[in-house]
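Summary of the model geometry
Okay, here's what each chain looks like letter by letter:
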2 protein chains.
Amino acid sequence: MSNRRQSRQQAQQYLDSLKGHPFPNSNKLYLQGSSSDIRVGMREVHLTPSIVGGDKENPITRDNESIPVYDTSGPYSDPEIELDVRKGLAPLRKQWIEQRQDTEMLEVASSDFTQQRLADQGFDHLRFEHLPKPRRAKAGSNVSQLHYARKGIITPEMEYVAIRENLGRERIRSEMLTAAHPGQSFGANLPERITPEFVRSEVAAGRAIIPSNINHPEAEPMIIGRNFLVKVNANIGNSSVTSSIEEEVEKLVWSCRWGADTVMDLSTGRHIHETREWIIRNSPVPIGTVPIYQALEKVNGIAEDLSWPVFRDTLIEQAEQGVDYFTIHAGVLLRFVPMTAKRMTGIVSRGGSIMAKWCLSHHQENFLYTHFDEICQICAQYDVALSLGDGMRPGAVADANDQAQFAELAVLGELTKTAWKHDVQTIIEGPGHVPMQLVKVNMEKQLEECFEAPFYTLGPQVTDIAPGYDHFTSGIGAAMIGWYGCAMLCYVTPKEHLGLPEKEDVKQGLIAYKIAAHAADIAKGHPGAQIRDNALSLARFEFRWEDQFNLALDPDTARAYHDASLPQESAKVA
Amino acid sequence: MSNRRQSRQQAQQYLDSLKGHPFPNSNKLYLQGSSSDIRVGMREVHLTPSIVGGDKENPITRDNESIPVYDTSGPYSDPEIELDVRKGLAPLRKQWIEQRQDTEMLEVASSDFTQQRLADQGFDHLRFEHLPKPRRAKAGSNVSQLHYARKGIITPEMEYVAIRENLGRERIRSEMLTAAHPGQSFGANLPERITPEFVRSEVAAGRAIIPSNINHPEAEPMIIGRNFLVKVNANIGNSSVTSSIEEEVEKLVWSCRWGADTVMDLSTGRHIHETREWIIRNSPVPIGTVPIYQALEKVNGIAEDLSWPVFRDTLIEQAEQGVDYFTIHAGVLLRFVPMTAKRMTGIVSRGGSIMAKWCLSHHQENFLYTHFDEICQICAQYDVALSLGDGMRPGAVADANDQAQFAELAVLGELTKTAWKHDVQTIIEGPGHVPMQLVKVNMEKQLEECFEAPFYTLGPQVTDIAPGYDHFTSGIGAAMIGWYGCAMLCYVTPKEHLGLPEKEDVKQGLIAYKIAAHAADIAKGHPGAQIRDNALSLARFEFRWEDQFNLALDPDTARAYHDASLPQESAKVA
């Protein structure tokens, strides 16, 4: 059997036998909101008692409080929930959406491509069986969280997010556990307790987004903004030569387990449409895409043949599937392309280079820029958030912070204003490759040029000399920019620059980025962030090994390393 | 066969078949100094030509300059040199030491313990066969590089270091390669060209050290100081239950290959003396130790039974073997111990807790503090540098920057002055576990309290929640403190807090720390640091895959990841 076939079969087996798989010595904790259908899933780590006296035969012990931790794994870590990837997850937000009475179900999909695809029996074997009907805003309605927020409405999504961001820390009684150093927040506003009204006001101000396409009711609400916990995105997606739908769904489930707050499906292969359907229906986290990738497939990979109608249909196709945010490279303007000629590595963003090619061949302005209002109108009908892509991001530390990069950033600021005019939630993408001494100015310029819209960066990598370890070269930059105010960090895996990530690479990338994001939360002074560190340190001091493993970001690896090695005594040397 | 026995045999085989093993497509380059015996070994990476025109059949190419890079691997990467670990490396510095005429060969070792050990035939099978006679300063002489520097003497060691620190960058002609962003140096003084006189003046000022015990003439001179390249230390060493001499020598060779600038032998097992002999005789990099570990073995692990005579004999034993620097926990004062009572994790430094136990049980001041002048006198006779240990370093982010830690730091400053009075080269050890927002103040306080003596830190770890990944949690802090001015970073391996590192852990720790150190060099603006990044980025842009692998910190992994995966096209997305 070929390797390809084997890994596809393994993924199939994994999905067939999928069960809610709790983390070690942890249970799923649901924090109740103001109504019975607001139940915020967290993970609660149970600890062993401390020995405080007595002797070996009759130890006197003291119980330790269990520690609630943020949990992105959704139903996949709840053994009580029956899972079936062929049916998808339960639509948690369905009622909330319906109760707003501003949407309607469509009998047929609005996208021509979707209609053709559904009519083609050749794809039947790949299709997700239980396809829901698409939903759209009623004529004249705007269904974005930003729109509600600006009208003063606190949605259930906002309340959910407020509970989630508080980390259940009001449950912790021990002063040892809640002790924390003052943070250095660089202007971030981190209230002691996050209220639904605070969430609303941040969304209304454009400083935060809650990606929540009305066609992705399975997703658990989460928020991206400087005044909240730093988030992490994982990229998955197949290419024309590698991996199947099964493998991508497996990577999705795996990403959520290891802490992905959102997942981007960057598939470029043959069955993009069907792959995405499976991913969205099974995802408890928001899904992002780069629609130009699929549009390019539709014109057989020839950038010059791209057009607004093809792209527009792709947006609608994906919006009605439930994509929560679109990366749009609308800031790659014709006049910026020559600025990259003297660069070390030219244009490295795939979306950026596609649009640059289009602009040059037609000698016309980027159609994403000229049609940006229409893009916003589509997004507002489904509440798709915009992630304004940085097509001019540097691909080498040498190219960091150059004219092309910062010229584009200014345009992204202008586009932010336009998106906000349409009440479309917006975040801004950032570099890339930036040496440490230039990281801070990226954050400062973004805040200024884009009016505090949330920043979402890839890394940045702080050196180029370690291919094979770019999760780490970029994790350093990610931790720093997260501290300075970046709202979401797009992970990089060890395979970056070398190949497409497999399952283990996804995990390594995620752990590196969870570390970066958490280090940033602590440094900013996010209330409650240090509780988990404190709990783990106390466990370490008292040689409660099991508790150390179970509180670790990766309990399996911590346990395996310990078991492979050492007597307790030497391990005390911290 | 048991696992233990098997890994010992594997190590033995590795050593038996040891040959100078060049890095891929690289050769050993020796830069000549002012005399024929100053030959500074570097690695020169040869690149493939760029295709600049023509067609597939008849490409027009342009040659690319080869890139010299700093090389810690010594003779182990030179296929021209015959290697035999039973004989040890050639004594590169022997003539320089002899020509100074301030030392004498001893007929017998000065340490009682060494004499007993040599007389005991039970250890014959473990012993290094070609033991050199120990050398010591003539009565009244001081043989430290600091002493020479203050007298205005430029030693061959200083000239060697100057050539080494310039990275051979004067050979590079391409402006694309030498382009670099301005650094942010936080007061570091990084001249465009490092001269032997600059090295001398930095050593004379105490701002840098060249660890160079006269009994370790095999070591290639290197410098530790804020105004030079940031260095990395690797800890190796067996414990009472794990690993053999063979395995430790293998780890030494392996550490040097992957970039260890110095290696600390932290052995605590049965054959510390013999293990160290093998390590030093085969090490091209300076070797550090924590002598209290061996002293404790000599009193059967009972801290209370430690005494100045036992410790003093251990210092002399190790100094005559050739240890280049001693970690001495002389700042752990009796009055500081109670300050740790309210800590999350108490005292986590092994040396610190040994001395705290001694102080408390005798209710006396730390004998390392009270005998500090005598320690310095011993060091000056062999040029052993002092690394003033931070016995009060925090073991949890919660304990960072507390009273105990900073009280000790002030004492380390006082001790620095004493050491300098004896012309003993001195560095200062630092934390530990420190959240990002508190890292900078550590560096600033150290510079101030210790009069710019070089700082040498373990990490710091910026979060405690990722056991199994502490090479990374600490690598973030290491990159930052290196940027702020830390001179040497003590690596942490993935096994930190969980077990003792094996060969692969050593490599993972080193690569993480080489990344941190290099990122710091770039951020500080070290001239020439960015050349390797630029060369690799250009190779990436031109799809010169072989060059990317060969310029990478870990060519083997970069190549393996690429081969396991992907067509060239997709890999362009950087």
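Residues numbered from 1 in each chain as written. Chains lettered and ligands numbered in written order. Predicted model: local features only at pLDDT ≥ 70, side-chain atom pairs only at ≥ 80, totals over all residues. Heavy atoms only, no water.

1. Quick word on the pairing of strand S1 (residues 26-32) of chain B
Residues and elements named next belong to chain B. For clarity, the threshold we go by: One requirement defines pairing of two strands: DSSP has to find at least two bridges between them. Labels follow the DSSP assignment, with helices taken as runs of H or I lasting at least four residues and strands as runs of E lasting at least two, numbered in each case from the N terminus.
Bridge count between S1 and strand S2 (residues 39-45): 7 bridges; the pairing is antiparallel. By the bridge assignment, Gln-32 is partnered in S2 with Arg-39. Connecting S1 to the next strand, S2, in antiparallel fashion are 6 residues.

2. Topic: the pattern of salt bridges
If the charged atoms of two oppositely charged side chains come close together, the side chains can form a pair. Here is the rule: The term salt bridge refers to a pairing of a side-chain nitrogen on Lys or Arg with a carboxyl oxygen on Asp or Glu at a separation within 4 Å. Type-normalised accessible area, obtained with a 1.4 Å probe on protein chains alone, sets the label of each residue: buried when under 20%, exposed when over 50%, and partly exposed for intermediate values.
Under the counting rule described, the total for this entry stands at 72 salt bridges over all chains. For Arg343(A), the salt bridge goes to Asp402(A), with nearest N and O atoms at 2.7 Å. Here Arg343(A) is found in the loop between strand S13 (325-328) and helix H12 (350-362), whereas its partner Asp402(A) is found in the loop between strand S14 (385-388) and helix H15 (403-421), with 59 residues between them in sequence. As a salt-bridge pair, Glu104(B) and Arg136(B) come within 3.9 Å of each other at their nearest N and O atoms. One end of the pair, Glu104(B), is in strand S6 (residues 103-105); the other, Arg136(B), is in strand S7 (residues 135-137), with 32 residues separating them in the sequence. Here Glu104(B) falls in the partly exposed class, since its relative accessible area comes to 31%. Residue classification places Arg136(B) among the partly exposed positions, given a relative accessible area of 24%. Put simply, Asp16(A), Asp84(A) and Arg86(A) are held in one network by salt bridges that share partners.

3. Concerning the state of the cysteines
Quick reminder of the rule: We call a pair of cysteine sulfur atoms a disulfide when they lie within 2.5 Å.
Across all of its chains, the model carries 0 disulfides over all chains by this definition. The thiol of Cys376(B) is not disulfide-bonded; the next cysteine sulfur, from Cys379(B), is found 6.3 Å away.

4. What to know about the sheet that holds S1(B)
All names here are of chain B. Short version of the rule: Note on definitions: angles span 0 to 180 degrees between N-to-C directions of axes, and those axes are lines fitted to C-alpha atoms, for helices only across the stretch in contact.
Strand order in this open sheet of 3 strands is S1-S2-S5, and the pairing throughout is antiparallel. Looking along the sheet, the strands with just one partner apiece sit at the ends: S1 and strand S5 (67-69). Going from strand to strand, the sheet's axes swing by 40° on average, the running direction of each strand aside.

5. Quick look at the interface of chain B and chain A
Using the following cut-off: Throughout, a contact is declared for two residues whenever any of their heavy atoms are within 4.5 Å. Summed over both partners, the accessible area lost on bringing two parts together, with a 1.4 Å probe, is the buried area. Two N or O atoms count as a polar contact when they lie within 3.5 Å, although within protein this holds only if one can serve as hydrogen donor and the other as acceptor, and sequence-adjacent residues are included solely when both atoms are side-chain atoms.
Taken together, the 87 residues of chain B in the interface contact 87 residues of chain A. Counting each side, the surface lost to burial between chain B and chain A is near 7,200 Å², with a carbon and sulfur contribution of 70%. Summed over the three residues of chain B that lose the most area to chain A, namely Met344(B), Ile465(B) and Tyr469(B), the buried surface amounts to 11% of that side. Run the count over chain B and chain A and you get 0 salt bridges. Remark: the boundary between chain B and chain A carries 17 residue pairs in polar contact (both at pLDDT 80 or more). Put simply, the parts of the chain that give the side of chain B that touches chain A at least two residues each are helix H17 (470-484), helix H18 (503-524), helix H19 (530-541), helix H20 (545-551) and helix H21 (555-563) of chain B. Here the side of chain B that touches chain A takes 11 residues from H18(B), the largest share from any one element.

6. Brief notes about helix H11 (residues 308-321) of chain A
Structural remark: α-helix, 3.6 residues per turn; residues separated by three or four positions point the same way. All names here are of chain A. Formally: To estimate how far a helix should reach, multiply one less than its number of residues by 1.5 Å.
Taking 1.5 Å of rise per residue, the 14 residues of H11 would be expected to cover 20 Å, and the 20 Å separating its terminal C-alpha atoms lies within 8% of that figure. Of all 14 residues that make up H11, 11 are buried, and the element is covered over most of its length. Downstream of H11 by one or two residues, Gly-322 has phi in the positive range, about 120°.

7. A few points about the relation of the copies chain B and chain A
Put simply, the rule is: For the least-squares superposition of copies, only C-alpha atoms count, and only for residues with pLDDT at least 70 in both.
Between chain B and chain A, the superposition needs a rotation of 180° and an axial shift of 0.0 Å, giving an RMSD of 0.0 Å. Taken together, the rotation and translation describe the operation of a two-fold axis. Using C-alpha coordinates, one finds that chain B approaches the rotation axis most closely at Ile476(B), a distance of 2.6 Å. A shared binding surface is used by both copies, with 100% of the interface residues of chain B retained as interface residues in chain A.

8. Points about the pairing of strand S15 (residues 426-430) of chain B
Residues and elements named next belong to chain B. How we decide: Whether a crossover is right-handed depends on one test, that the path from the first strand over the helix to the second runs clockwise when the strands point away from the viewer.
Counting buried residues in S15 gives 5 out of 5 residues, a clear majority hidden from the surface. Here S15 shows two buried faces, one formed by Thr-426, Ile-428 and Gly-430 and the other by Ile-427 and Glu-429. Across 3 bridges, the pairing between strand S14 (residues 385-388) and S15 is parallel. Residue Ser-387 lies in a different strand from S15, and its bridge partner there is Ile-427. Crossover connection from S14 via helix H15 (residues 403-421) to parallel S15: handedness right-handed. Where S15 and strand S16 (residues 455-458) come together, 3 bridges link them in parallel fashion. The partner of Glu-429 across the bridge, within S16, is Tyr-456. Tracing the backbone out of S15, into helix H16 (residues 439-449) and back to the parallel element S16 gives a crossover that is right-handed.

9. Here's the deal with the nonpolar core
Heads up, the rule is: The definition of a nonpolar core used throughout is a set of buried Ala, Val, Leu, Ile, Met, Phe, Trp, Tyr and Cys residues joined through side-chain atoms within 4.5 Å.
Leu386(A) and Leu386(B) are the most contacted members of the largest nonpolar core, which totals 277 residues. The contact partners of Leu386(A), leaving out residues within four places of it in the chain, are Phe326(A), Ile328(A), Phe372(A), Ile375(A), Cys376(A), Cys379(A), Ala419(A), Val424(A), Gln425(A), Thr426(A) and Ile427(A).

10. Things to note about unusual backbone geometry
Outside of glycine, negative phi angles account for most residues, and trans bonds account for most peptide bonds. Between Gly459(A) and Pro460(A) the backbone carries a cis peptide bond, its omega angle lying at 10°. Take Pro460(A): it is sitting in the loop between strand S16 (455-458) and helix H17 (470-484). For the bond running from Pro431(B) to Gly432(B), omega is 10°, close enough to zero to count as cis. Considering the arrangement of structural elements, one finds Gly432(B) in the loop between S15 and H16. Phi is positive for Asp423(B), close to 55°, though the residue is something other than glycine. Checked against the element boundaries, Asp423(B) lands in the loop between H15 and S15.

Bear in mind that shape data such as this cannot, by itself, settle questions of function.
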